[in-house]
Amino acid sequence: MEPKSVDMDPIPCTSGKGGGGAAGDAEGAGCVMPVRSANPVRARSLIRDNLEKQAGCLNLIHSRMPNIKVFSGTSHPDLAQRIVDRLGIDLGKVVTKKFSNLETCVEIGESVRGEDVYIVQSGSGEINDNLMELLIMINACKIASASRVTAVIPCFPYARQDKKDKANAQSRAPISAKLVANMLSVAGADHIITMDLHASQIQGFFDIPVDNLYAEPAVLKWIKENIPEWKNSIIVSPDAGGAKRVTSIADRLNVEFALIHKERKKANEVASMVLVGDVKDKIAILVDDMADTCGTIVHAADRLVEAGATKVYAILTHGIFSGPAISRINNACFEAVVVTNTIPQDGHMRDCPKIQCIDVSMMFAEAVRRTHNGESVSYLFSNVPY
């Protein structure tokens, strides 16, 4: 009886360069595997099945790599929805409620294990409740094994309490912005994304990365599109602290700038104002990072009109508008008061027709996308993503 002949068929493995993908990488690039079988066709089938199984395992590993999840707190759900709409994803499921004693309860409604999590919560409305809600959401995601948790805080809470009052050498005032930074870090935040911090040095309060975005590109775009005579304008800071902000905008518009020196008797109350600069027969554009009771910008607008300004606009990043702010704006000489939607503005716009809103959701969405993909966000410091 003659022995049965055995075929030795070289079966080429797919390589990474040849488009074999994960399977090719698993077997090695460009290798040749001899197959011992009496049936070469069946041998090829077995090899193909084996490679497909290995590719399936590699795909399973890739599917476990951190993906992106965006959750919204209760402070600004509209902005969070705009962000995810631009990213082309859905908001994560989360339920927030309060017990009868007003304790905050948060339930994350989906798995975040190994995910890249972004929590959108602005420092507006019931600030203390919203801050506590943010801290609980961060901690809930962190102990649920999220790969990274980023707090997207369009308006940073307690940002104005960033230093001791130098007017009183024995001041016992707290530095609350530093306390908030510590609380966010201890809760488990790995990264912070915010906009127009009251003092950029607040970034130094953190031991984690902080991306402080600027509303300036969106402000420049609004000025050029909505003020026809903007080339005959002058950019004005309502206080000395905003001089750097207005000089940057004035330089990019190639117009002049001025500032108003103010002295306060106490918080939210201005004693006197001195205008430094010539605004006669020009359109004055007041630029500031935030407006609370609006006493400062209303006084500044009156001072500019007295000095000969033809029109007065106010452009603010964070429109808090608490207390008598809305009535003050209604009675003031503004052509328009322009704010961004880092804080919900629908109610304010209903009560005051002078208030207009710039949507900055595209800037936060692009910051989230670039952070998730490990790209630089410095492009957003001088450009508006379309």
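The structure contained in this document is the topic of the report that follows. (Residues numbered from 1 in each chain as written. Predicted model: local features only at pLDDT ≥ 70, side-chain atom pairs only at ≥ 80, totals over all residues. Heavy atoms only, no water.)

**Section: the packing of helix H6 (residues 216-226) against helix H7 (residues 243-253)**
So, point 1. Two elements in contact, H6 and H7, have axes whose closest approach is 11 Å; the angle formed by their N-to-C orientations is 50°. Looking at the two axes, H6 sits oblique to H7. Two packed elements cross with a definite hand, and for H6 against H7 that hand is right-handed. On the side of H6, the interface is formed by Glu 216, Val 219, Leu 220, Ile 223 and Lys 224, while H7 contributes Ser 248, Ile 249, Arg 252 and Leu 253.
So, point 2. Residues that form the contact of H6 with H7 fall into these classes: five nonpolar, one polar and three charged. (Axes fitted to C-alpha atoms, helices over the stretch in contact; angles between N-to-C directions. Helix = DSSP H or I, 4+ residues; strand = E, 2+ residues; numbered from the N terminus. Parallel < 35°, antiparallel > 145°, perpendicular 65-115°, else oblique. Left-handed = near helix turned anticlockwise from the far one by under 90°. Contact = heavy atoms within 4.5 Å. Nonpolar A, V, L, I, M, F, W, Y, C, P; charged D, E, K, R; others polar.)

**So, the nonpolar core**
So, point 1. The biggest cluster of nonpolar side chains holds 44 residues, and the ones touching the most others in it are Trp 222, Ile 223, Ile 227, Ile 235, Leu 253, Ile 285 and Phe 364.
So, point 2. Here the element with the most residues in this core is helix H11 (residues 361-372); it accounts for six residues.
So, point 3. If we ignore the near neighbours within four places in the chain, the residues touching Phe 364 are Ile 83, Val 152, Pro 154, Ile 193, Thr 194, Met 195, Leu 213 and Thr 342. (Core = buried A, V, L, I, M, F, W, Y, C linked by side-chain atoms within 4.5 Å. Buried < 20%, exposed > 50% of the residue type's maximum accessible area, 1.4 Å probe, protein only.)

**A few points about the packing of aromatic side chains**
So, point 1. As enumerated under the stated definition, the model contains three aromatic pairs in all.
So, point 2. Centroid distance Phe 156 to Phe 206: 5.9 Å. Interplanar angle 80°. Geometry classified as edge-to-face. Taken together, the residues Phe 156 in the loop between strand S7 (148-153) and helix H5 (176-187) and Phe 206 in the loop between strand S8 (191-195) and strand S9 (210-213) connect sequence positions 50 residues apart.
So, point 3. Here Phe 156 falls in the buried class, since its relative accessible area comes to 5%.
So, point 4. A ring pair is formed by Tyr 214 and Phe 381, whose centres lie 5.5 Å apart and whose planes are at 75°; its orientation type is edge-to-face. Of the two residues, Tyr 214 sits in the loop between S9 and H6 while Phe 381 sits in the segment after H11, which places them 167 residues apart along the sequence.
So, point 5. Residue Tyr 214 is classed as partly exposed on the basis of its relative accessible area, which comes to 34%. (Phe/Tyr/Trp six-rings, centres within 6.5 Å; stacked < 30°, edge-to-face > 60°.)

**Regarding the sheet that holds strand S6 (residues 116-120)**
So, point 1. Read across the sheet, five strands follow the order S3-S6-S7-S8-S9 without closing on themselves; strand pairing throughout is parallel. One side of each edge strand has no neighbouring strand; the edge strands of this open sheet are strand S3 (68-72) and S9. Between one strand and the next, the sheet's axes are offset by a mean angle of 15°, whatever the strand orientation.
So, point 2. Note: S8 against S9, four bridges, orientation parallel. The partner of Ile 192 across the bridge, within S9, is Val 210.
So, point 3. Across the sheet, H11 touches S3, S6, S7, S8 and S9, and the angle it forms with S8 is around 155°. (Pairing = 2+ DSSP bridges.)

Nothing here speaks to function; it is all geometry.
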